Amino acid sequence: MKGRIKIISIPVFLMILIYASCSSAPKNSGDVYHLRLQAEDGLEAANREAERGNFENALSLLTGFKRNAILADDLSLIARISLARGNVLYSLGKTDDAFAEWDYALKEASLLGDSELLSVAKIFYARGNILTGRKTARAVLDEVTFESVNIKKNRLYIAFSWQVTGLALRELGLWSEAEEAMRKSLAIHEKDNRLENASYDWYTIASVRSLSGDISGAVRALETSINIDRRIENSWGLASSWRALGDVFRKAGRERDALDAYRRSRSIYIDMGNDFEVEQLDRKINN
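Residues numbered from 1 in each chain as written. Predicted model: local features only at pLDDT ≥ 70, side-chain atom pairs only at ≥ 80, totals over all residues. Heavy atoms only, no water.

## Here we look at the environment of Arg48
Turning to step 1, where the next piece is worked out: Counting through the fold element by element, Arg48 comes out in helix α1 (residues 34-51).
Turning to step 2, where the next piece is worked out: Since its relative accessible area comes to 45%, Arg48 is described here as partly exposed.
Turning to step 3, where the next piece is worked out: Along the primary structure Arg48 and Ala58 are separated by 10 residues, whereas in three dimensions their C-alpha atoms are 8.0 Å apart. (Helix = DSSP H or I, 4+ residues; strand = E, 2+ residues; numbered from the N terminus. Buried < 20%, exposed > 50% of the residue type's maximum accessible area, 1.4 Å probe, protein only.)

## Observations concerning the pattern of salt bridges
Turning to step 1, where the next piece is worked out: Under the criterion given, the structure shown has 17 salt bridges.
Turning to step 2, where the next piece is worked out: Lys135 is paired through a salt bridge with Glu143; the nearest N and O atoms lie 3.5 Å apart.
Turning to step 3, where the next piece is worked out: Note on Lys135: relative accessible area 38%, which makes it partly exposed.
Turning to step 4, where the next piece is worked out: Asp247 serves as the salt-bridge partner of Lys284, at 2.9 Å between the closest nitrogen and oxygen. Pair noted here: Lys284 is in helix α13 (residues 275-285) and Asp247 is in helix α11 (residues 235-251), with a separation of 37 residues, a long-range link. One exposure class covers both Lys284 and Asp247, and it is buried. (Salt bridge = Lys/Arg side-chain N within 4 Å of Asp/Glu carboxyl O.)

## Topic: the packing of aromatic side chains
Turning to step 1, where the next piece is worked out: On inspection of all chains with the given rule, the structure shows 7 aromatic pairs.
Turning to step 2, where the next piece is worked out: Taking 5.8 Å as the distance between ring centres and 15° as the angle between the ring planes, the aromatic pair formed by Tyr200 and Tyr203 counts as stacked. You can see Tyr200 and its partner Tyr203 sitting in helix α9 (residues 195-212), 3 residues apart, about one turn around the helix.
Turning to step 3, where the next piece is worked out: Seen from their ring centres, Trp236 and Tyr269 are 5.7 Å apart, and the 75° between their planes marks the pair as edge-to-face. (Phe/Tyr/Trp six-rings, centres within 6.5 Å; stacked < 30°, edge-to-face > 60°.)

## A look at the packing of α11 against α13
Turning to step 1, where the next piece is worked out: At a minimum axis distance of 12 Å, the contact between α11 and α13 shows a crossing angle of 15°. When the interaxial angle is binned, α11 and α13 end up roughly parallel. Where α11 crosses over α13, the two elements pack in a sense that is left-handed. On α13, the residues touching Trp236, Arg243, Asp247 and Arg250 of α11 are Glu277, Leu281 and Lys284.
Turning to step 2, where the next piece is worked out: Here the contact of α11 with α13 is composed, by residue class, of 2 nonpolar, no polar and 5 charged. (Axes fitted to C-alpha atoms, helices over the stretch in contact; angles between N-to-C directions. Parallel < 35°, antiparallel > 145°, perpendicular 65-115°, else oblique. Left-handed = near helix turned anticlockwise from the far one by under 90°. Contact = heavy atoms within 4.5 Å. Nonpolar A, V, L, I, M, F, W, Y, C, P; charged D, E, K, R; others polar.)

## Topic: the packing of helix α8 (residues 175-191) against α9
Packed helices, taken two at a time, are described by their axes: the angle between them and the distance between them.
Turning to step 1, where the next piece is worked out: At a minimum axis separation of 9 Å, α8 and α9 run at an interaxial angle of 170°. By the angle between their directions, the pair α8 and α9 is classed as roughly antiparallel. Contacts between α8 and α9 pair Trp175, Ala178, Glu179, Met182, Arg183, Ser185, Leu186, His189 and Glu190 from the former with Asn197, Ala198, Asp201, Trp202, Thr204, Ile205, Val208, Arg209, Leu211 and Ser212 from the latter.

## A few points about unusual backbone geometry
Turning to step 1, where the next piece is worked out: We note that Asp73 has phi near 55°; this positive angle belongs to a residue other than glycine.
Turning to step 2, where the next piece is worked out: Structurally, Asp73 is set in the loop between α2 (55-72) and α3 (75-91).
Turning to step 3, where the next piece is worked out: Note on Asp73: relative accessible area 57%, which makes it exposed.
Turning to step 4, where the next piece is worked out: Of note in the backbone geometry, Asn193 takes a positive phi value of approximately 60° without being a glycine.
Turning to step 5, where the next piece is worked out: Secondary-structure assignment places Asn193 in the loop between α8 and α9.

## Details of helix α10 (residues 215-231)
Turning to step 1, where the next piece is worked out: Over its 17 residues, α10 extends 25 Å from the first C-alpha to the last, a length consistent with the 24 Å expected when each residue adds 1.5 Å.
Turning to step 2, where the next piece is worked out: Those residues of α10 that fall on the buried side of the exposure criterion are Ile215, Gly217, Ala218, Val219, Ala221, Leu222, Ser225, Ile226, Ile228 and Asp229.
Turning to step 3, where the next piece is worked out: Along its buried surface, α10 packs onto α9 and α11.
Turning to step 4, where the next piece is worked out: Once α10 ends, the next one or two residues include Glu233, with phi positive near 55°. (Expected span 1.5 Å × (residues − 1).)

## Some words on the side chain of Ser207
Turning to step 1, where the next piece is worked out: Along the chain, Ser207 turns up in helix α9.
Turning to step 2, where the next piece is worked out: In this structure the side chain of Ser207 is engaged in a polar contact, spanning 2.5 Å, whose partner is the backbone oxygen of Thr204. (Polar contact = N/O pair within 3.5 Å; in protein donor to acceptor, adjacent residues only side chain to side chain.)

## Here's the deal with α13
For an α-helix the count is 3.6 residues per turn, leaving residues at separations of three or four pointing the same way.
Turning to step 1, where the next piece is worked out: Taken as a whole, α13 has its buried residues at Glu277, Val278, Leu281, Lys284 and Ile285. Along the axis of α13, the buried positions cluster into a sector of 115°, meaning they face one direction only. Opposite the packed face of α13, turned more than 90 degrees from it, sit the exposed residues Asp275 and Arg283.
Turning to step 2, where the next piece is worked out: Looking at the buried positions of α13, the neighbouring elements they touch are α11 and α12 (255-272). (Arc of directions from axis to C-beta.)

## Considerations on the side chain of Glu179
Turning to step 1, where the next piece is worked out: Residue placement: Glu179 occurs in helix α8.
Turning to step 2, where the next piece is worked out: Overall, the relative accessible area of 16% leaves Glu179 in the buried class.
Turning to step 3, where the next piece is worked out: For Glu179, the contacting residues outside a window of four places in its chain are Ile205, Val208 and Arg209.

Dropping the structure here:
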């Protein structure tokens, strides 16, 4: 399924990406870093494409730069690109291919012996399990709690573990605990000025509030998400949040507001050239 998770129904998609900082080669070491540096830059570029819903472009970039990482035999880079590539494949509805990429990342991280990266890969896999129903929310929560102990250095990995924890808690119907976990992810993203991620945190907080029956709280959270996405011109985020806002309004019986939100979302998707989402919104509008 494409797009962000739906606010009212059980979530089937989470768009959280692995970010990588470029490695800097030591001066006068005699080492060669061309392939690795190109792949690091490519990973960041692909993440930016995926954040804005340009999944096909992101997949193309990741496929090409994964080859660089393999040619350089850089296990860490291979694992991180595989994690990101699995995310994009999942968002394109290619679930089996996504799990294959996450399996590949697990293998490379294990060979490397990097406990933090290995735990992150396991949390990615666990998140895939909960989103596809392959494991229970309780099993995923226990696994994420266990693996997150190894994540101490990379703040984005820490935020990601809190995000998945929040999703598992949401599945268990533990609304206040779920929002608290998601707010810990939000605090990291806000402090580090990761606005795309902060917007998504607010989006998932809105889903918790909507499912718990806090309609006004869900509306406020989505409005915050929309305001952030306007600042950074994140068209994908804007379209997703307007659609979700329409779902919340419809749940509250505010049909006119729901239709207005759906139409605004639809207009953005039209200019993005996303025919799939336009068709989905046409069904909502004509329902």
